[in-house]
Every structure is written in C-alpha cells, then in structure tokens.
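Here's the letter readout for the chains.
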Amino acid sequence: MASVNKVILIGNLGKDPEVRHLEGGVAVARFPLATSETYKDKNGQKQEKTEWHNIVLWRGLAEVAEKYVRKGQSVFIEGKIRTSQYQDKDGNQRYSTEIVADNMTMLTRGEGGQQEGGNFQGAPAAASANYSTGNTSASAGVAQNDEPDDLPF
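Each chain carries its own residue numbering, running from 1 in the written order of its sequence. Local features in this predicted model are restricted to residues whose pLDDT is 70 or higher, and side-chain atom pairs enter the listing and the counts only when it is 80 or higher, whereas totals over whole chains, interfaces and linings include all residues. Values shown for side chains rest on all heavy atoms present in the structure; no hydrogens or waters enter the calculation.

Asks: How do you make sense of the overall build of the protein when you look at a structure like this?
Replies: For the purposes of this entry, the term helix denotes a DSSP run of H or I that reaches at least four residues, the term strand denotes a run of E that reaches at least two, and both are numbered from the N terminus. Counting its secondary structure elements, the protein contains one helix and 10 strands. Secondary structure elements in the protein, listed N-terminal to C-terminal, are β-β-β-β-α-β-β-β-β-β-β. Expressed as a percentage of its 153 residues, the buried residues of the protein come to 31%. Residue contacts follow a heavy-atom distance rule, with two residues in contact if any of their heavy atoms lie within 4.5 Å. Expressed as a percentage of contacts within the protein between residues at least 6 apart in sequence, the contacts between residues at least 24 apart total 48%. In short, Shrake-Rupley with a 1.4 Å probe defines the accessible areas, and a residue's cover is counted only from the protein chains shown. A total of about 10,300 Å² of accessible surface is found on the protein, and carbon and sulfur atoms cover 45% of it. Burial classes: relative accessible area under 20% of the type maximum marks a residue as buried, over 50% as exposed, and values in between as partly exposed (1.4 Å probe, protein chains only).

Asks: What should I look at first to understand the pairing of strand 6 (residues 93–106) in this one?
Replies: For two strands to be treated as a pair, DSSP must find no fewer than two bridges joining them. Alignment of strand 4 (residues 46–58) against strand 6, held across two bridges, turns out to be parallel. Each residue of the ladder has a partner; that of Val56, found in strand 6, is Val100. As defined by bridge partners, strand 5 (residues 74–87) adjoins strand 6 across 13 bridges and the pair is classed as antiparallel. Pairing of Ile77 across the sheet is with Met104, part of strand 6. Between the antiparallel neighbours strand 5 and strand 6 lie five residues, among them Gly91 with a positive phi of about 85 degrees.

This is the structure we're talking about:
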C-alpha cells in the first residue's frame, strides 16, 4: 500500500534562520515556525493555541531563506515530517521532529504592498532548477515563480 508524508504549514518565523554551510558548500537553514488557531472554550471565551514547528531547508532553498526571510515574517511551507532519535548526555532516549521543506512561499508584504521574495522550491542535488527566465542551474537548487497569483492575501 502506498503512503504519503506531506506537511503544509502557514505560519510566522520565531527567529531569523540559522544557516550553516557543510562540507562541499551545501547550505542548511533551520528556524522555528509558529502556527496558531483560535477557538472558544466551554465558557465561550476566545482562546489561542500556538504550535511550534522546527523547519529545515537545504541547499538553494536555505540560501534564499538566509537572504530574504526574517523573524516575524509569514511563510507557506510544504515538506515532510522527519523524526530522529538520539541519546542525551544522561543516556536518556530523546526524539526530535522536524519539517524538511521542499517548497517555501514568502507571504509577508513589504512596504507599498509589494510581496517580498516569492515562491521557491528545493531541488535534489543532481536535478536542475527552472527559473522563470528559462535558465537552469544544478548548483542553485531553487526555482522562482514570478507570476502573480489570484490569492486575496
């Protein structure tokens, strides 16, 4: 039977992305993303619950985040859930869950109503990325879509 590991999140960055460059120049960015929902409790009082997600971006997508994404900005993330386990310094088994992003769309509007950045997609190291200008580059690993959308926000 087939299975699907797909996550879609819209939220705000809890802090600026932390970017590291690994051997071979591969970039990896990490940042917390907050998603919130509001509801009314049994007394009719409005409540808000915030969930925090650990986001990981690789290669060109990490470089885009390093340049354009900042704390407080709103982003749309598509990716998959990854859970890893490790032992802490006391020998206790610990688990870490993170979202490995394949796509990121920056939703925060800049001054004058212009959208900052755009829609970016990660690409595997061996694949090429298609830019809206028609260029291809295996090393960049980023695709940008500059076409306007019909979304109301």
